[in-house]
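Spelled out, the chains give:
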Amino acid sequence: MSIQTVGIIGAGTMGNGIAQACAVSGVNVVMLDISDAAVAKGRATVVSSLGRLVKKEKITEANKTAALSRIQTSTSYDDLKGTQLVIEAATESYDLKVKIVKQLDSMLSPETIIASNTSSISITKLAAVTTRTDRFIGMHFFNPVPMMTLVEIIRGLQTSDATHAAVHDLSTRLGKAPITVKNAPGFVVNRILVPMINEAFFVLAEGVATAEDIDAGMKLGCNQPIGPLALADMIGLDVCVAVMGVYLQEFGDSKYRACPLLKELVAAGQLGRKTGKGVYTY
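Trainee: I'd like a rundown of the overall build of the chain, residues and numbers included.
Mentor: Across its full length, the chain holds 11 helices and eight strands. Expected size for 282 residues packed as a compact globule is a radius of gyration near 19 Å; at 20 Å, the chain falls within 12% of this value. Within the chain, contacts between residues separated by at least 24 positions form 66% of all contacts whose residues are at least 6 apart in sequence. Of note, the chain has its 27 positive side-chain charges centred 3 Å away from the centre of its 25 negative side-chain charges.

Trainee: A description of the packing of helix H10 (residues 237-251) against helix H11 (residues 260-267) should follow, citing residues and the corresponding values.
Mentor: One way to put it is that H10 packs onto H11 with a least axis distance of 9 Å and a crossing angle of 130 degrees. Here H10 is positioned oblique relative to H11, judged by the angle of their axes. For the element pair H10 and H11, the recorded crossing hand is left-handed. Across the interface between the two elements, Leu237, Asp238, Cys240 and Val241 from H10 touch Leu262, Lys263, Leu265 and Val266 from H11. Its residues assigned to classes, the contact of H10 with H11 comprises six nonpolar, no polar and two charged.

Trainee: Before we move on, can you summarise the packing of aromatic side chains with the specific residues and values?
Mentor: The geometry of an aromatic ring pair is captured by the separation of the ring centres together with the interplanar angle, meaning the angle of the planes. Evaluated as defined, the whole model comprises three aromatic pairs. For the pair Tyr247 and Tyr256, a centre-to-centre distance of 5.7 Å together with 75 degrees between the ring planes defines the contact as edge-to-face. One exposure class covers both Tyr247 and Tyr256, and it is buried. Three or more aromatic residues link up through ring pairs in this structure, and these residues are Tyr247, Phe251 and Tyr256. Across from the ring centre of Tyr94, 4.6 Å away, lies the NZ or CZ of Lys125, which sits over that ring.

Trainee: Which residues make up the pattern of salt bridges, and what are the values?
Mentor: Taken as a whole and assessed by the stated rule, the structure comprises eight salt bridges. We note a salt bridge from Arg173 to Asp169, for which the minimum N-O separation is 3.7 Å. Of this pair, Arg173 and Asp169 both sit in helix H6 (residues 161-173), four residues apart, which is roughly one turn of the helix. Under the relative-accessibility criterion, Arg173 is labelled partly exposed at 31%.

About the thresholds
Residues numbered from 1 in each chain as written. Predicted model: local features only at pLDDT ≥ 70, side-chain atom pairs only at ≥ 80, totals over all residues. Heavy atoms only, no water. Helix = DSSP H or I, 4+ residues; strand = E, 2+ residues; numbered from the N terminus. Rg over C-alpha atoms; globule rule 2.2 N^0.38 Å. Contact = heavy atoms within 4.5 Å. Lys, Arg positive; Asp, Glu negative; His and termini not counted. Charge placed at Lys NZ, Arg CZ, Asp CG, Glu CD. Axes fitted to C-alpha atoms, helices over the stretch in contact; angles between N-to-C directions. Parallel < 35°, antiparallel > 145°, perpendicular 65-115°, else oblique. Left-handed = near helix turned anticlockwise from the far one by under 90°. Nonpolar A, V, L, I, M, F, W, Y, C, P; charged D, E, K, R; others polar. Phe/Tyr/Trp six-rings, centres within 6.5 Å; stacked < 30°, edge-to-face > 60°. Buried < 20%, exposed > 50% of the residue type's maximum accessible area, 1.4 Å probe, protein only. Lys NZ or Arg CZ within 6 Å of the ring centre and 35° of its normal. Salt bridge = Lys/Arg side-chain N within 4 Å of Asp/Glu carboxyl O.

Here's what the structure looks like:
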């Protein structure tokens, strides 16, 4: 299957980023959200992002105009009927994703692939609520989507080779570097990353070093572009606690327990950049 038109559920940070990546690469997009205001905000973000690329001479004004012409915004699921792939990029909530996936499954043609841009929820479990388990897959993009090249392609137990091949091909057409991952909590990147962040909080709590020195050590000693504590602030400390909770529940291994200091900061409402204070003050 050659994917020419992609539907995207959600016009937020991830959804509009995926829409931009598709449109710039010549793929038509239908970006859908619950209200006209939401899709208008998502499109405005794409316009602004493409404008910055024009100023940096990464693309031309003609490229920008062409990309925007490929993005259709909508609040109606009926507008997704001409797509070959629909990517669900809604909030990371199992119940919400199940509701969306069931609605998509009931109205899309049997050949259409459904993908979830989840970072933690089981693809096998989501696929099981549909009638197209072989045409269900995970596509985990990374933020900011237009800049980050990685896409984790997650195969559920039922995902077919043809579905994987079609999504892998699309990912490369978008200029991404896909890796194929089995369905497991956290997949690859977050399975490694979030426990590392959690361990940095244990080091901080034990007074081994200051937050600044911990981050400097990982940047200078491990060639990371940002330290783990600063990255936690960017991700959201509440998100880090939630992800560790999923790992602890799924694996039943105490090594995935969230650091008490991390939980304490969340309890205080110090969630990172989005609240103006986390490990650091913004």
